[in-house]
Amino acid sequence: MKREDLSDLAVFMVASEETNFTRTAARLGISQSAVSHTIRRLESSIGIKLMNRTSRRVSLTDAGEKLLEALRPGLEQIDDRIEELRSLGDAPKGLVRLTSSKPVARLLLWPVLSKIARDYPEIEIELNLDARLNDLTEDRFDAGIRLGEFVGQDMISVRIGPPVRIAVVASPDYLKKHPAPQHPRDLDAHRCLNHRFHPSAAMYEWEFEKDGEEIVTRVSGSFIFNDSDMSIRAAKEGLGIAYVTEDEVMDDIRNGSLHRLLEDWCEPFEGYHLFYSSRRQMSSALRLVIDRLKAQNAS
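About the thresholds
- Residues numbered from 1 in each chain as written.
- Predicted model: local features only at pLDDT ≥ 70, side-chain atom pairs only at ≥ 80, totals over all residues.
- Heavy atoms only, no water.
- Pairing = 2+ DSSP bridges.
- Helix = DSSP H or I, 4+ residues; strand = E, 2+ residues; numbered from the N terminus.
- Axes fitted to C-alpha atoms, helices over the stretch in contact; angles between N-to-C directions.
- Contact = heavy atoms within 4.5 Å.
- Salt bridge = Lys/Arg side-chain N within 4 Å of Asp/Glu carboxyl O.
- Buried < 20%, exposed > 50% of the residue type's maximum accessible area, 1.4 Å probe, protein only.
- Parallel < 35°, antiparallel > 145°, perpendicular 65-115°, else oblique.
- Left-handed = near helix turned anticlockwise from the far one by under 90°.

Asker: Give me the lowdown on the sheet that holds strand 3 (residues 94–100), citing residues and values where you can.
Answerer: Read from one edge to the other, the open sheet built from 5 strands follows the order 4-3-5-14-6, with strand pairing classed as mixed. Of all the strands in the sheet, just strand 4 (123–129) and strand 6 (155–159) have a single pairing partner and so form its edges. On average, each strand axis in the sheet is inclined to that of its neighbour by 25 degrees, with strand direction left out of account. As judged from the 7 bridges shared by strand 3 and strand 4, these two strands associate in the parallel manner. In the sheet register, Gly94 faces strand 4, and the bridge partner there is Ile123. Docked against the sheet, helix 5 (residues 102–119) engages strand 3, strand 4, strand 5 (143–147) and strand 14 (272–277), running at close to 175 degrees with respect to strand 4. Its contacts with the sheet place helix 10 (residues 284–298) against strand 3, strand 4, strand 5, strand 6 and strand 14, and it is angled at close to 50 degrees to strand 3.

What follows is the structure, given as structure tokens:
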């Protein structure tokens, strides 16, 4: 294989991930025309069309899909070996790609990541804030942060936060018009703010526990969100009852903009974990992030 062929394949792989030549160019630090020329050269060398192009988006042909499937394991292995070499250096360096929900990033991650950025300027951190339960391998993240119950059994998991407690909350205006629920089953008569992690997922069920009795219920209302900030905002405006983590609304509870409901039914449960694939070599930068998060949890 010619040296330029390997370079062209690397550009092809990035373009297949970004599905857009402009984003590909920005990620690689080259011009958009250079990306387009590289893909044409690769197609000419192989003798078959690999990508369909429009003004806004590129997509893989069947041949392109087959090439990507063949390339991915090899290039990921190269990435892993490079990270191993980086780890031999005196200081951690390189890119760490993390996925997390916004509340967790704000409460748990940011205090650690901001200090790492100051202490280790050669570490670059990409933080994807998404309520979806992303697939680490498919989306090429190094690690994710989620509640322990959502971590797959095939992942290595490290607890990075204290136990979590749910808060069921509503505004004073809402409670003037609707009697406060005294039991989880009373929620059937209320407007509740639903949550769905991604469009194809089932609605998130609300879970309660008291004196050994467990209740899992589906609620209904005027809104379905994939972001807890929007649930909190809607609750403050009197549009329904929200089911969110306690840390997200403690200030609102203290200042009276939200009232807590069913508190005795909200038992603490296992908190947040950082998780990563056991099949990928861990970089020195990711190891540093994990160690700092574990230390924060222990303090």
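Asker: Describe the sheet that holds strand 13 (residues 259–261), with residues and values.
Answerer: Whenever strands of a sheet pair, they do so through backbone hydrogen bonds, lying parallel or antiparallel. Spatial ordering of the open sheet is given by 12-7-13, a layout of 3 strands whose pairing is antiparallel. Lying at the two open borders of the sheet, with one neighbouring strand each, are strand 12 (242–245) and strand 13. Neighbour to neighbour, the strand axes of the sheet diverge by 50 degrees on average, direction disregarded. Strands in contact with helix 8 (residues 228–236) are strand 7 (166–170) and strand 12; relative to strand 12, the strand with the most contacts, it is inclined by about 130 degrees. Relative to strand 12, helix 9 (residues 246–255) is tilted by about 110 degrees, and along the sheet it contacts strand 7, strand 12 and strand 13.

Asker: Give a detailed account of the pattern of salt bridges, specifying residues and quantitative values.
Answerer: For the structure on display, the rule yields 25 salt bridges. A salt bridge links Glu126 to Arg97; the nearest nitrogen and oxygen atoms lie 3.0 Å apart. Of the two residues, Glu126 sits in strand 4 while Arg97 sits in strand 3, which places them 29 residues apart along the sequence. Look at Glu126 and you get partly exposed, because its relative accessible area is 33%. Looking at Arg97, the relative accessible area reads 18%, which means it is buried.

Asker: Give a description of unusual backbone geometry that names residues and reports values.
Answerer: Of note in the backbone geometry, Thr19 takes a positive phi value of approximately 55 degrees without being a glycine. Relative to the helices and strands, Thr19 is located in the loop between helix 1 (3–18) and helix 2 (21–28). Judged by its relative accessible area of 18%, Thr19 is buried.

Asker: So what's going on with the packing of helix 5 against helix 10? Residues and values would help.
Answerer: Their axes nearest at 10 Å, the elements helix 5 and helix 10 cross at an angle of 130 degrees. When the interaxial angle is binned, helix 5 and helix 10 end up oblique. Helix 10 is crossed by helix 5, and the crossing has right-handed handedness. In this structure, helix 5 contributes Leu108, Leu109, Pro111, Val112, Leu113, Lys115, Ile116 and Asp119 to the contact, and helix 10 contributes Leu288, Val289, Arg292, Leu293 and Gln296.

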